[in-house]
Amino acid sequence: MILKKNPLFNPSGDTEVRLRRMIGGNTTNLNDFNNMRYKWVSDWYRQAMNNFWIPEEINLAQDVKDYPHLDKAERTAYDKILSFLVFLDSLQSNNLPSISEFITANEVNLCLHIQAYQECIHSQSYSYMLDTICSPEERNDILYQWKTDGHLLRRNTFIGDCYNEFQSRQDGFTLMKTAIANYILEGIYFYSGFMFFYNLSRNGKMPGSAQEIRYINRDENTHLWLFRNIILELRKEEPGLFTPDKVKVYEEMMREGVRQEIEWGRYVIGDNIRGLTSGMVSDYIEYLGNMRWSALGFGFLSENNRSEPESMGWVSQYSNANMVKTDFFEARSTAYAKSTALKDDL
């Protein structure tokens, strides 16, 4: 199924909701908030808009003091994981507009545009963290570690090549692979990276960084929800994209994502970070893979870790932005957004 880019102006587009499709439709591009085929978009949109926040609201004064005194292993992991997250969010903010050019449901495109905006905020957050806690030379070294660290480059290549494939050939299958890659990025890579910052915080270090990550995490919950729904809608509308051979490709992508994340965890965290072990990290990543794949209706990837490992129960507690109390003089209340954190039940 070859996809055609949406025309910007299309007066002959379909106006009936029943004719609207995720891909391959005939869209008018009119942003109609009153007539939506995909009813879940309304809740998603309101949640995403209520999540509004500004990176500089969070005080990093303690982080400035803590960063030079991190253990060598903690400092190395902090730098490498942040470099990975910066690259992923940058990739997202550039790839999402490419996807939206071929999505023919205007309400879903609204969501993709909001997500792209939020990914820019996340990139700004990482820059704010680096500008605050280290010198310009250290900052640039961290930002571009993906060019100098072979392991990190391999990680970025896995997702980047998939996105590039869609750039060179726009059909239903490459779009689905891009959606699965996005789902892996949002639901496994980000969550695994966030966990490290929460561990620092529970050890009394870098509290401002953890709070920045909490806000980002709250956004990523909605992004994960969005792409899960896109995939599920495509499964209903385009069964040809979910034949056993194609599902096998998606499953292998998920398995490869889990394998790479476990290898990465052993590389940057290993058994050198207080409060974490390579076993804990591997169990958590395996759990994330199981949860994400089963949420698409395909069962589990592994017999092990089908529920949250007991040793990692603290992660979800630390990730709830609205449960964290802050000093009024240090930062605004985390309830600023007037929204509840979207429960990650995917």
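Only a predicted model underlies this, so the values are computations on that prediction, with no experimental measurement involved.

Peer 1: Quick question: what am I supposed to make of the overall build of the protein here?
Peer 2: Secondary structure summary: the protein contains 12 helices and zero strands in total. Moving toward the C terminus, one meets the helices and strands of the protein in the order α-α-α-α-α-α-α-α-α-α-α-α. Taken over the C-alpha trace, the protein has a radius of gyration of 20 Å; the compact-globule value for 346 residues is 20 Å, and the two agree within 12%. Each principal axis of the C-alpha atoms in the protein carries an extent, and together these give about 65 × 45 × 40 Å. Residues counted as buried form 56% of the 346 residues belonging to the protein. Pairs at least 24 residues apart make up 76% of the contacts formed inside the protein by residues separated by at least 6 positions. Approximately 15,100 Å² of the protein is accessible, and the part contributed by carbon and sulfur atoms is 51%. For the protein, the distance from the average position of its 37 positive side-chain charges to the average position of its 46 negative side-chain charges is 3 Å.

Peer 1: What am I meant to see in empty space enclosed by the protein here?
Peer 2: Any empty space left between the atoms is revealed when a probe the size of a water molecule rolls over them. One pass over the full model with this rule turns up two cavities of 30 Å³ or more. When its volume is computed, the largest cavity comes out at roughly 50 Å³. The wall of the largest cavity is formed by Ile81, Phe84, Tyr189, Ser192, Gly193, Met195, Glu261, Trp264, Gly265, Val268 and Ile269. Broken down by secondary-structure element, the contributors of at least two residues to the lining of the largest cavity are helix 3 (72–100), helix 8 (172–202) and helix 10 (244–268). A breakdown of the residues in the lining of the largest cavity according to their chemical character gives seven nonpolar, three polar and one charged. Estimated volume of the second largest cavity: approximately 40 Å³. Ile99, Ile103, Leu175, Ala179, Phe227, Ile230 and Leu234 are the residues that line the second largest cavity. Listed by contribution, the elements that provide at least two residues to the lining of the second largest cavity are helix 8 and helix 9 (207–237). Ranked by residues supplied to the lining of the second largest cavity, first place goes to helix 9 with three residues.

Peer 1: Any chance you could explain the environment of Asp283 here in plain terms?
Peer 2: Its location among the elements puts Asp283 in helix 11 (residues 278–295). For the pair Asp283 and Phe190, spaced 93 residues apart in sequence, the C-alpha to C-alpha distance is 16 Å. Among residues more than four places away in sequence, those in contact with Asp283 are Asn305 and Pro309. A polar atom in the side chain of Asp283 sits 3.3 Å from the side chain of Asn305.

Peer 1: What is the right way to look at the pattern of salt bridges in this model?
Peer 2: If charged atoms from side chains of opposite charge come close, those side chains can pair. Applying the stated criterion to the full structure yields 19 salt bridges. A salt bridge links Lys205 to Asp71; the nearest nitrogen and oxygen atoms lie 3.9 Å apart. With a gap of 134 residues between them, Lys205 in the loop between helix 8 and helix 9 and Asp71 in the loop between helix 2 (61–66) and helix 3 connect regions that are remote in the sequence. Overall, Lys205 belongs to the buried group, its relative accessible area being 17%. As a salt-bridge pair, Glu165 and Lys177 come within 3.0 Å of each other at their nearest N and O atoms. One end of the pair, Glu165, is in helix 7 (residues 150–168); the other, Lys177, is in helix 8, with 12 residues separating them in the sequence. What makes Glu165 partly exposed here is its relative accessible area of 22%. Salt bridges sharing common partners tie together Glu165, Arg169, Asp171 and Lys177.

Peer 1: Would you take a moment to explain unusual backbone geometry for this structure?
Peer 2: Glycine aside, negative phi is the norm for most residues, and most peptide bonds take the trans geometry. One non-glycine residue, Met206, lies in the positive phi region at around 55 degrees. With respect to the secondary-structure elements, Met206 resides in the loop between helix 8 and helix 9. Relative accessible area serves as the criterion here: at 1%, Met206 is assigned to the buried category. Of note, Asn305 is a non-glycine position whose phi angle comes to about 55 degrees, a positive value. Examined against the element boundaries, Asn305 turns out to sit in the loop between helix 11 and helix 12 (314–319). Asn305 gets classed as buried once you look at its relative accessible area, which sits at 18%.

Parameters and conventions
Residues numbered from 1 in each chain as written. Predicted model: local features only at pLDDT ≥ 70, side-chain atom pairs only at ≥ 80, totals over all residues. Heavy atoms only, no water. Helix = DSSP H or I, 4+ residues; strand = E, 2+ residues; numbered from the N terminus. Rg over C-alpha atoms; globule rule 2.2 N^0.38 Å. Buried < 20%, exposed > 50% of the residue type's maximum accessible area, 1.4 Å probe, protein only. Contact = heavy atoms within 4.5 Å. Areas by Shrake-Rupley, 256 points an atom, 1.4 Å probe, with all protein chains shown as cover. Lys, Arg positive; Asp, Glu negative; His and termini not counted. Charge placed at Lys NZ, Arg CZ, Asp CG, Glu CD. 1 Å grid on protein atoms, 1.4 Å probe; cavity = no way out; pocket = protein on both sides within 12 Å on 5 of 7 lines; lining within 4 Å. Points joined across faces, edges and corners; volume = space filled by probe spheres on them. Nonpolar A, V, L, I, M, F, W, Y, C, P; charged D, E, K, R; others polar. Polar contact = N/O pair within 3.5 Å; in protein donor to acceptor, adjacent residues only side chain to side chain. Salt bridge = Lys/Arg side-chain N within 4 Å of Asp/Glu carboxyl O.

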